[in-house]
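A look at the structure
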Amino acid sequence: MPGDHRRIRGPEESQPPQLYAADEDEAPAARDPTRLRPVYARAGLLSQAKGSAYLEAGGTKVLCAVSGPRQAEGSERGGGPAGAGGEAPAALRGRLLCDFRRAPFAGRRRRAPPGGGEERELALALQEALEPAVRLGRYPRAQLEVSALLLEDGGSALAAALTAAALALADAGVEMYDLVVGCGLSRTPEPAPTWLLDPTRLEEEHAAAGLTVALMPVLNQVAGLLGSGEGGPTESWAEAVRLGLEGCQRLYPVLQQCLVRAARRRGAAAPS
Amino acid sequence: MTQGAWCGGGVVRARATRADDVRRAKRLGSMASVSLSEAEKVYIVHGVQEDLRVDGRGCEDYRCVEVETDVVSNTSGSARVKLGHTDILVGVKAEMGTPKLEKPDEGYLEFFVDCSANATPEFEGRGGDDLGTEIANTLYRIFNNKSSVDLKSLCISPREHCWILYVDVLLLECDGNLFDTICIAVKAALFNTRIPRVRVLEDEEGSKDIELSDDPYDCIRLSVENVPCIVTLCKIGYRHVVDATLQEEACSLASLLVSVTSTGVVTCMRKVGKGSLDPESIFEMMETGKRVGKVLHASLQSVLHKEESLGPKRQKVGFLG
């Protein structure tokens, strides 16, 4: 029988029971600070998207899809001399629109879909990290849409989303200078602060500072950098950036193999 | 002069006028756009390589900054900062509310940035929203650690009442280097904030009552010793410059935003812009940011204390200066 909502008033707001649980502070286990979790990457899995990629690292699962190039809204008419390599002039360059979404069940607490400021900030970080790698000058008056969906947050979510987005762009056949590989780091709090590469969600929650670096491995250029918290002096941040860049370089061969496998799969599936 | 003012050094020489017909539009994302010709860009880039900028500054010099606090009377604290032609007005209002569930014995800060259409015509309607959200998110990130502002002093009674500081930033005019100016203004406004002292009285039945003290000057002040300042370093050619004007920002593809406290501790780092950065230049920019940040903090502290020592009878300039 359905509940009698008129006489039995429930609370207006709901909270998960973990908030009221006894403080079981499980400190994260000590581990080698330079270990990277094993990564599973697959490109070309969504049939409706131009390019897509799925990346799983530990408990973090990200799905990314790319669509376009399609005509940009408000593309203005403009002239001016072309850039180097036959690229469109600055006013006509293509645009990259990035969208980052968290599934409501991705974190410990349920978060309703319009996630507000944090998702906009991460989408902007995605865009700023992918723009140096994509040859937008070759897509005048067009826009490419990249949408990343975080299915489960197991730590370093932004780094995984960056890597998945770059794989999806490569899978879509978008012209790029290089792949973008992302790596997350976090700093353990005060007694003996050390920077840990590729933190898990538990390590991120207990961290004093976090950092995400995005690297273009072949060109050795940093495409994106976002970090905050009590990281200490500049030498500590510099050491973290170096560790992150090294982690990105180690991840690169895995992504190359993933793209090769996807290309072979596509070649085998095409009717000859 | 009642406003606090300091100059970054360097003699300002008159800029040579350029023919207006050699212009090409260039957009920098959602910032105010400026038209620069190829020749002007080359002029700026080559000058920077020689450590000489268009207005005669060195690569690490700030423009003249004017700071004035307590400009808006309805707020708990306010400040207005002018850096070159960039004009920012910040108002802080303290209101009572319920603390967040995860942090029941702390108050918090809420930031809102409004890009007014006065700054540039592109900000008309919803145009300035993207830039406003980006700046607000950066401010949240910077203040997101335990040491910036003592949030425990904002608590009135745990789990029930706390002070929420609504920091509202208004962009009146935009001439490059928004983040630095906004952070200076927020720091000055927080320094100026006076939160009235309240007491919680308990009745016999256990119901609580909040009592405001009768003396209007009885208030608590926030300590802004550890509030960080942002230093934006724009990469132009092979060197980086601090406090870029709009024209210099148009020549730079990538910038690094570093938030430094007065002791040289970095609290936030972010790469801004469409281009990529070399790892070595990131390390150099961080060092420069720390060095410049320390000098900026020292100057700002001395100016704020000097302005406060002039007392309540000082002549306010506000928008008439």
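All of these numbers come straight from a predicted model, not from anything done at the bench. (Residues numbered from 1 in each chain as written. Chains lettered and ligands numbered in written order. Predicted model: local features only at pLDDT ≥ 70, side-chain atom pairs only at ≥ 80, totals over all residues. Heavy atoms only, no water.)

**Some words on the interface of chain A and chain B**
Many descriptions give the size of an interface as the accessible area lost when the pieces come together. Each partner contributes to the interface: chain A provides 37 residues, whereas chain B provides 34 residues. Here chain A and chain B share an interface that buries about 3100 Å² over both sides, 54% of which is from carbon and sulfur atoms. Between chain A and chain B we count six salt bridges in total. Put simply, Asp130(B) and Arg120(A) hold a salt bridge, and the shortest N to O gap is 3.1 Å. At the junction of chain A and chain B, the tally comes to 18 residue pairs in polar contact (both at pLDDT 80 or more). Here the side of chain A that touches chain B gets nine residues from one element, more than from any other, and that element is strand β9 (residues 221–229) of chain A. Looking at side-chain class alone, the side of chain A that touches chain B contains 15 nonpolar, 12 polar and 10 charged residues. Across three bridges, β9(A) lies against strand β15 (residues 266–273) of chain B in antiparallel orientation. By the bridge assignment, Ser228(A) is partnered in β15(B) with Cys268(B). (Contact = heavy atoms within 4.5 Å. Buried area = accessible area lost by both parts, 1.4 Å probe. Salt bridge = Lys/Arg side-chain N within 4 Å of Asp/Glu carboxyl O. Polar contact = N/O pair within 3.5 Å; in protein donor to acceptor, adjacent residues only side chain to side chain. Helix = DSSP H or I, 4+ residues; strand = E, 2+ residues; numbered from the N terminus. Nonpolar A, V, L, I, M, F, W, Y, C, P; charged D, E, K, R; others polar. Pairing = 2+ DSSP bridges.)

**Let's talk about a nonpolar patch on the surface**
Taken together, the side chains of Leu19(A), Tyr20(A) and Leu101(B) make up a nonpolar region of the molecular surface, amounting to roughly 310 Å² of accessible area. Turning to its location among the elements, Leu19(A) is positioned in the segment before β1 (39–43). (Patch = residues over 30% accessible without salt bridge, like charges linked within 9 Å, V, L, I, M, F, W, Y side chains within 5 Å. Areas by Shrake-Rupley, 256 points an atom, 1.4 Å probe, with all protein chains shown as cover.)

**Brief notes about the sheet that holds strand β6 (residues 181–187) of chain A**
Strand order in the open sheet formed by eight strands is β7(A)-β6(A)-β8(A)-β9(A)-β15(B)-β14(B)-β12(B)-β13(B), and the pairing between neighbours is antiparallel. Strand pairing shows two members of the sheet lacking a second neighbour, β7 (195–197) of chain A together with β13 (239–242) of chain B, which therefore form its edges. Shown here is a sheet whose adjacent strand axes are inclined to one another by a mean of 25°, direction ignored. Bridge count between strand β12 (residues 229–236) of chain B and β13(B): four bridges; the pairing is antiparallel. Across the sheet, Ile236(B) pairs through a bridge with Arg239(B), a residue of β13(B). Along the sheet face, helix α3 (residues 178–192) of chain B touches β12, β14 (254–260) and β15 of chain B and points at about 170° away from the line of β12(B). Along the sheet face, helix α5 (residues 279–309) of chain B touches β9 of chain A together with β12, β13, β14 and β15 of chain B and points at about 140° away from the line of β12(B). (Axes fitted to C-alpha atoms, helices over the stretch in contact; angles between N-to-C directions.)

**Observations regarding the pairing of strand β9 (residues 198–202) of chain B**
Pairing geometry for β9(B) and strand β10 (residues 208–212) of chain B, over five bridges, is antiparallel. Paired with Arg199(B) across the strands is Glu211(B), a residue of β10(B).

**Details of the nonpolar core**
Core analysis: the biggest nonpolar cluster contains 138 residues, and Leu130(A), Phe143(B) and Leu190(B) have the highest contact counts within it. Among all residues touching Leu130(A), those that are not within four sequence positions of it are Leu96(A), Cys98(A), Val146(A), Leu162(A), Ala165(A), Ala166(A), Leu169(A) and Val180(A). (Core = buried A, V, L, I, M, F, W, Y, C linked by side-chain atoms within 4.5 Å. Buried < 20%, exposed > 50% of the residue type's maximum accessible area, 1.4 Å probe, protein only.)

**Quick look at the confidence of the model for chain B**
Residue and element names in this part refer to chain B. On average, residues of chain B score 83 in pLDDT, and 89% of them are at 70 or above. When the criterion is pLDDT under 50, residues 7–30 qualifies, and its contacts beyond four places in sequence or with other chains add up to 40 contacts. Among the prediction metrics, the complex's ipTM stands at 0.85, with pTM recorded as 0.86. (pLDDT = per-residue confidence, 0-100.)

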